[in-house]
Amino acid sequence: MIFHVLTLFPHMIRQGLGDSIMGKAIDRGVITLDVVDIRTYTQERHGQVDDYPYGGGAGMLMQAQPVYDAHRAVTGGKALRTVYVTPQGKPFTQKYAREFAREEELVFLCGHYEGIDERVLEEVVTDRISIGDYVLSGGELAAMVMIDATARLLPGVLGNSLSAQEESFHNDLLEYPQYTRPPVWHGRSVPQVLLSGDHRKVEAWRLEQSVLRTRLARPDLYERYLRKQQLICRLSGDKRNHIHMTESLKRGLGEILADQDGEILVYDRDNRICMLELQCTQHGGRTLAALETEAACDRIKEPAGESGSTGWEHLTGKIPEETEWCLVNQEPLVELLQKEGYRIFNQCSQFLYTLKEPLPVGHRDIRLLTMEHIEYLCTHYGEEHRSYLQERIESGSMYGAFVEGVLRGFVGLHGEGSIGFLYVEECCRRQGLAGSLEAYCVNRQLERGWIPYGHVVQGNVASQVLQEKLGFYKAGKTFWWLEKKPCN
Ligand code: ADE
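Nothing here was measured: the structure is a model prediction, and the numbers come from that model.

A. Layout of the packing of aromatic side chains. Counting across every chain of the model gives 13 aromatic pairs. Here the aromatic rings of Tyr399 and Tyr440 are separated by 5.3 Å at their centres, their planes lie at 70°, and the arrangement is edge-to-face. Residue Tyr399 is located in strand E16 (residues 398–403), and its partner Tyr440 is located in helix H16 (residues 433–447); the two are separated by 41 residues in the primary sequence. Here Tyr399 and Tyr440 have matching classes, each one buried. Grouped by ring-pair contacts, the aromatic residues Phe3, Phe92, Tyr96, Phe100 and Phe108 constitute a single cluster. It is Arg367 that lies over the ring of Phe402; its NZ or CZ is 3.8 Å from the centre. A cation over an aromatic ring shows up here: Arg444 above the ring of Tyr440, its NZ or CZ 4.4 Å from the ring centre.

Dropping the structure here:
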């Protein structure tokens, strides 16, 4: 990923990010830091870049021209996301860091003096972001904070790919306390449970500590955490039909956009997926249960009452605009979404593996795939999915089966967390390779405390049989993936 930084103090940025983890990531070429001195773009004879504000007031403002020219030089006219770091911006959070990490290039514009002429900001800036409710003497420190928080989420920046995921702000909880040698220091002992070697007890203790810390230090986060837990708890009453939502929430991907009046909307912002459900018994004069019967679903196509409305139309108004996919398991919602410009992508059954014990893996040579294998994946999964496959490899979510050292099949996790991509070459079928691949993938998820689940397109009998053979349960409802129709 390339970070372009437009600044009047280039040394500050280079020095600030030149050491430690960021410095190493730059040296290894995992990230590129392109620092641009705005002053070199001024047309003023004495290198001046600032002037007095019209209307009077304290201090000086950075002029539009050098900022604009520096920006043009960096982007070459490309529409790059450009962040103006300013105390007047939206608050920077982990969510922004995750969003930024999905960009290939990002421009940071650092202000100095009293700010920058508004006209150039209107022309080049896409986001105005603050790192907190305090005023720094310039934007450089704030830009470095955002670059650090973003870069450390990129594959290859941190040594251990799990460490970016299991820490403060993952799933709305602050991190638990940690201890290292010696076991007793200044008369203080390391909590006994951490020395017990009992992995489950350690996990439970850590969660308890995280919850405690969050409740005391960040009641706002704690409130969000509680809301999530309550919804997970309610949905778990019918686990099979809700595992897509509960796992999304548990894994820290989904956020609750609606959970009231019998309407649930969970949004996976990273993957732009909206999961909707109607739980109400009565809406627009009809019960959901009635609508879900086939006969009633036919009736929904006819005008309902005088208004022609089911009373649920407002639900679609809550779907974020940038949503690309919707996942639902109620036919009335499919129809509603179709009216909103979504088209059915496929119709599936949902399977979940609820046991805690790992599955036996018959085939021995199954490994995590790397970018070395991208061509194989593109050939067998589809060239049109190249960037998705690349992202899946880089996030450590693709596994391959090797026969005599040769890659012959693969499986992986989709962005929202379901198992998928399963493929085995014709020459190696009927040897248990597919089962081994999926079992391997299941085991990796169990290690993380997740409940493995997947979607099988209706009609794919071989895959359905495999899920059942591995011990997966099938949800009673049909699931629909709907894709937003491109508007052309
Ligand atoms: N520039 C000055 N103060 C700032 C802040 N709090 N956040 C972002 N940019 C800034």
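B. Geometry of the site of the ligand. Looking at the ligand, the residues that line it are Val85, Thr86, Pro87, Ile129, Ser130, Ile131, Gly132, Tyr134, Val135, Leu136, Gly138 and Ala142. Within the contact set of the ligand, a nitrogen atom lies 3.2 Å away from a backbone nitrogen or oxygen of Thr86. A distance of 3.0 Å separates a nitrogen atom of the ligand from a polar backbone atom of Leu136. Starting from 260 Å² of accessible surface for the ligand in isolation, the protein chains cover 96%. Sort the elements by how many residues they give to the shell around the ligand and strand E5 (residues 82–91) lands first, with three residues. Looking at the shell around the ligand residue by residue, the classes come out as eight nonpolar, four polar and no charged.

C. Expanded view of the packing of H16 against helix H17 (residues 461–470). Two elements in contact, H16 and H17, have axes whose closest approach is 11 Å; the angle formed by their N-to-C orientations is 55°. Between H16 and H17, the interaxial angle falls into the category oblique. Here H16 runs over H17; the crossing is right-handed. Here Ala434, Gly435, Glu438 and Ala439 of H16 come into contact with H17, specifically with Leu466, Gln467 and Leu470.

Analysis parameters
Residues numbered from 1 in each chain as written. Predicted model: local features only at pLDDT ≥ 70, side-chain atom pairs only at ≥ 80, totals over all residues. Heavy atoms only, no water. Phe/Tyr/Trp six-rings, centres within 6.5 Å; stacked < 30°, edge-to-face > 60°. Helix = DSSP H or I, 4+ residues; strand = E, 2+ residues; numbered from the N terminus. Buried < 20%, exposed > 50% of the residue type's maximum accessible area, 1.4 Å probe, protein only. Lys NZ or Arg CZ within 6 Å of the ring centre and 35° of its normal. Near = heavy atom within 4 Å. Polar contact = N/O pair within 3.5 Å; in protein donor to acceptor, adjacent residues only side chain to side chain. Areas by Shrake-Rupley, 256 points an atom, 1.4 Å probe, with all protein chains shown as cover. Nonpolar A, V, L, I, M, F, W, Y, C, P; charged D, E, K, R; others polar. Axes fitted to C-alpha atoms, helices over the stretch in contact; angles between N-to-C directions. Parallel < 35°, antiparallel > 145°, perpendicular 65-115°, else oblique. Left-handed = near helix turned anticlockwise from the far one by under 90°. Contact = heavy atoms within 4.5 Å.

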